[in-house]
Amino acid sequence: EILGQVKDAYSIAGQRKTVGPLLNRLFQRTFQAAKWVRTHTSIGRGQVSVGTVAVDLALKIFGDLESRKILLVGAGEISERTITALKNRGATALTICNRTDHRAMDLANLYGGNALPFDQLSSSIGQYDIAICSTSSPSAILTQSTLKTALKKRSYQPLFVIDLALPRDVDETAAKLENIFLYNIDDLSQIADDNLAQRRSEVDRCLEALTDRAEYFWSNLR
């Protein structure tokens, strides 16, 4: 994120001709160093946000997301971030379902998806390959019996269900159903934490490499 901001600032400065030879050299070497770090260390590997972890899991299960029908239940900030991650990984068939229909429509129009009325959720969920839930409901909105019926409609094809809500949106007993792959926020948080720990283990290696490059750059200037 920060590197992207630096590149944007450098681009704007270049357009306005406010970057001299010294700053030009410095920024170019900086970008080269950043690329080296991303390529030769694990500092950027493994997602560390719950939403992107969920999307990567879906990608591993299905192989690709372009041909998969995806339902997002809830239209808040978590859903928006998850939609961005989905589209970045090739998802195209997105449907948003929310208790407030106009909010679902707004989000669908913004991201090029469809909207599903909330009262049709239980009867329609079997049409989707992936369901990602993040509502503020005080109780489960998807029960074991609802998902069992959905599996029958799908001829028992796998249904990947991601529950990002607290309290839970999905009855945890649904995980016992064959061909229901249910992950909740605790499962995903553990994966994100493990990925973050792996990234942190690479920090010293990155700092050493960047320090060497910085010292070489300044010694050449002197």
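Higher on the page you've got the structure.
## Observations regarding the nonpolar core
Phase 1 of the analysis: Ranked by size, the top nonpolar core spans 25 residues in total, and within it Ile70, Leu86, Ile130 and Ile132 carry the most contacts.
Phase 2 of the analysis: Secondary-structure elements contributing two or more residues to this core are helix 3 (50–62), strand 1 (69–73), helix 4 (77–88), strand 2 (93–98), helix 5 (101–111), strand 4 (130–133) and strand 5 (159–163).
Phase 3 of the analysis: Looking at which element gives the most residues to this core, the answer is helix 3, with six residues.
Phase 4 of the analysis: If we skip the residues at most four places from it in the chain, Ile70 touches Leu86, Ala91, Ala93, Leu94, Thr95, Tyr128, Ile130 and Ile132.
Phase 5 of the analysis: By size, the runner-up hydrophobic cluster in this structure holds 22 residues, among which are Val73, Leu151, Val170 and Ala174.

## Some points on a negative patch on the surface
Phase 1 of the analysis: Taken together, the side chains of Asp204, Glu208, Asp212 and Glu215 make up a negatively charged region of the molecular surface.
Phase 2 of the analysis: Tracing the backbone shows Asp204 in helix 9 (residues 203–221).
Phase 3 of the analysis: Its relative accessible area of 61% is what places Asp204 among the exposed residues.

## Some details on the environment of Tyr183
Phase 1 of the analysis: With respect to the helices and strands, the residue Tyr183 is situated in strand 6 (residues 180–184).
Phase 2 of the analysis: When its relative accessible area of 25% is taken as the criterion, Tyr183 is described as partly exposed.
Phase 3 of the analysis: As a C-alpha pair, Tyr183 and Phe160 span 23 residues in sequence and 8.3 Å in three-dimensional space.
Phase 4 of the analysis: Once residues lying within four places of it in the same chain are set aside, the contact partners of Tyr183 are Leu57, Phe160, Val161, Ile162, Asp163 and Leu188.

## Regarding the packing of helix 4 against helix 5
Phase 1 of the analysis: Between helix 4 and helix 5, whose axes approach to 12 Å, the crossing angle comes to 25 degrees. Looking at the two axes, helix 4 sits roughly parallel to helix 5. For the pair helix 4 and helix 5, the crossing hand works out as right-handed. Residues Ser79, Glu80, Ile83, Thr84 and Lys87 of helix 4 form the contact with helix 5, whose participating residues are Arg103, Leu107, Leu110 and Tyr111.

## A look at the packing of helix 1 (residues 2–15) against helix 2 (residues 21–40)
Phase 1 of the analysis: Viewed as axis vectors pointing N to C, helix 1 and helix 2 meet at an angle of 150 degrees, and their least axial separation amounts to 12 Å. Compared by their axis directions, helix 1 and helix 2 come out roughly antiparallel. Crossing handedness for the pair helix 1 and helix 2: left-handed. Packed against helix 1, whose contacting residues are Leu3, Val6, Lys7 and Tyr10, the element helix 2 presents Asn24, Phe27, Gln28, Phe31 and Ala34 at the interface.
Phase 2 of the analysis: Residues of the contact of helix 1 with helix 2, tallied by class, amount to six nonpolar, two polar and one charged.

Calculation rules
All residue numbers refer to position in the chain's written sequence, counted from 1. Under the rules for a predicted model, residues below a pLDDT of 70 receive no local features and side-chain atom pairs below 80 are neither given nor counted, while totals for whole chains, interfaces and linings still include all residues. In computing side-chain properties, one takes all heavy atoms of the structure into account and sets aside hydrogens as well as water. What we call a nonpolar core is a set of buried Ala, Val, Leu, Ile, Met, Phe, Trp, Tyr and Cys residues that are connected through their side-chain atoms within 4.5 Å. Exposed residues in this analysis have more than 50% of their type's maximum accessible area, buried residues have under 20%, and partly exposed residues fall in between, with area computed by a 1.4 Å probe over protein chains only. Only runs of H or I of at least four residues qualify as helices and only runs of E of at least two qualify as strands under DSSP, and these elements are numbered from the N terminus. Residue contacts follow a heavy-atom distance rule, with two residues in contact if any of their heavy atoms lie within 4.5 Å. The patches reported here contain residues having more than 30% relative accessible area and no salt bridge. Joining distances are 9 Å for like charges and 5 Å for nonpolar side chains (Val, Leu, Ile, Met, Phe, Trp, Tyr). Only the protein chains shown count as covering a residue, and every accessible area follows the Shrake-Rupley method with a 1.4 Å probe. Salt bridge criterion: a side-chain nitrogen from Lys or Arg within 4 Å of a carboxyl oxygen from Asp or Glu. This count recognises Lys and Arg as positive and Asp and Glu as negative, with His and chain-terminal groups excluded. Each charge is placed at NZ for Lys, CZ for Arg, CG for Asp and CD for Glu. Fitted lines through C-alpha atoms serve as axes, helices being fitted only where they are in contact, and the angles separating the N-to-C directions of these axes extend from 0 to 180 degrees. Working rule for angles: under 35 degrees goes down as roughly parallel, over 145 as roughly antiparallel, 65 to 115 as roughly perpendicular, anything else as oblique. For any pair of crossing helices, the crossing counts as left-handed if the nearer helix is rotated counterclockwise from the farther one by less than a right angle, and right-handed if it is rotated clockwise. Lys, Arg, Asp and Glu make up the charged group, whereas Ala, Val, Leu, Ile, Met, Phe, Trp, Tyr, Cys and Pro make up the nonpolar group; the residues left over, Gly among them, are polar.

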